[in-house]
Structure formats: C-alpha cells, structure tokens
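Residue-level structure breakdown
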Amino acid sequence: MVRQYETVFIMTPVLSDEQMKEAVSKFQKFLKDKGAEIVFEDHWGLRKLAYPIQKKSTGFYHLIEFKAEPALIAEMELEMKRDERIIRFLTVSLDKYAVAYNEKRRREKETVKAEETK
C-alpha cells in the first residue's frame, strides 16, 4: 500500500553549495530507484537551529514530500543515519487532511508568485 510521506532533513552548515546539492540528489535518487514518487520538494536554505546539534547552531534544511511503500522509510532513514552530512531528519506519514493542506498551501504560494510577477 503506497502512502504519502514528508521528510525534512538538516545538513551540516560546513558543506559547500555543491556538496549540499549532491547530498539532496543522493536521497532523490535513492527514493526514485526504490520506486517512490516525489510529489514536492523545497529547499529552505540555511536556518538557525533551536538548539546546538554536534556543536553547530545552523544547518541547511530540505523538505521532500513523496509517495512510497512503508518499508522504504526504514531503509531511507538508515541511509540518512549513515550519511555524515545529515545531522537530523524527521519523516512523517501524511493523512488525507495533511495532503489536502499541503496542496492548498502550494496553490496559494503559486498564485502569490503569479501576482508578484504581474
């Protein structure tokens, strides 16, 4: 049974732009190779952490929303634990209300961007 998930992960701030993009593409490729469908992605950029993690006070945040089999989540999280560039991650299963909310929020963002370009 395919379910929809949302994963936010924080990468260490000492990465170059190239290394950060490589880490993101590694997990995109991992998901696609395992048969997941990526629904949405958003790079939040460098943000301050609520508390220090591994003596770091900032990190690069990235969000991936995808559809996959539940067994894939454990594999992906194991890969994230093994990757030294990832300092934290959180995967959440989305119910139908969360999926609807995310779609509505994305549509609203698109209309705001369209109005700004006019």
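Residues numbered from 1 in each chain as written. Predicted model: local features only at pLDDT ≥ 70, side-chain atom pairs only at ≥ 80, totals over all residues. Heavy atoms only, no water.

Here's the deal with the environment of Val-112
In this structure, Val-112 sits in helix α3 (residues 96-117). Looking at Val-112, the relative accessible area reads 43%, which means it is partly exposed. Separated by 76 residues in the primary sequence, Val-112 and Ala-36 have C-alpha atoms spaced 30 Å apart. (Helix = DSSP H or I, 4+ residues; strand = E, 2+ residues; numbered from the N terminus. Buried < 20%, exposed > 50% of the residue type's maximum accessible area, 1.4 Å probe, protein only.)

Considerations on the environment of Trp-44
Here Trp-44 shows up in strand β2 (residues 37-53). A residue is classified by how much of its surface remains accessible, and Trp-44, at 33% relative accessible area, is partly exposed. When the C-alpha atoms of Trp-44 and Val-14 are compared, they prove to be 16 Å apart, with 30 residues separating the residues in sequence. What Trp-44 contacts, discounting residues up to four positions off in sequence, is Val-8, Tyr-61 and Leu-63. At 3.2 Å, the side chain of Trp-44 forms a polar contact with the side chain of Asp-42. (Contact = heavy atoms within 4.5 Å. Polar contact = N/O pair within 3.5 Å; in protein donor to acceptor, adjacent residues only side chain to side chain.)

Points about the confidence of the model for the protein chain
Detail in the predicted coordinates should be disregarded across regions flagged by low pLDDT. Of the residues in the protein chain, 100% reach a pLDDT of 70 or more, and the chain-wide mean stands at 92. When mean pLDDT is taken per element in the protein chain, strand β4 (residues 86-94) scores highest with 95 and α3 scores lowest with 87. (pLDDT = per-residue confidence, 0-100.)

Points about the pattern of salt bridges
Using the criterion set out here, one finds ten salt bridges in the structure. Salt-bridge contacts for Glu-75 lead to Lys-34; the nearest nitrogen and oxygen are separated by 3.0 Å. Of this pair, Glu-75 sits in helix α2 (residues 70-82) while Lys-34 sits in the loop between α1 (17-33) and β2, and the two are 41 residues apart along the sequence. Look at Glu-75 and you get partly exposed, because its relative accessible area is 35%. (Salt bridge = Lys/Arg side-chain N within 4 Å of Asp/Glu carboxyl O.)

Let's talk about the sheet that holds β2
Strand order in this open sheet of four strands is β2-β3-β1-β4, and the pairing throughout is antiparallel. In this open sheet, the two edge strands, each paired with only one partner strand, are β2 and β4. On average, adjacent strands in this sheet sit at an angle of 20° to one another, irrespective of strand direction. Sheet strands touched by α1: β1 (3-11), β2, β3 (56-68) and β4. Its angle to β2, the strand with the most contacts, is close to 135°. Against the sheet, α2 makes contact with β1, β3 and β4, and its axis sits at roughly 170° relative to β4, the strand it touches most. (Pairing = 2+ DSSP bridges. Axes fitted to C-alpha atoms, helices over the stretch in contact; angles between N-to-C directions.)

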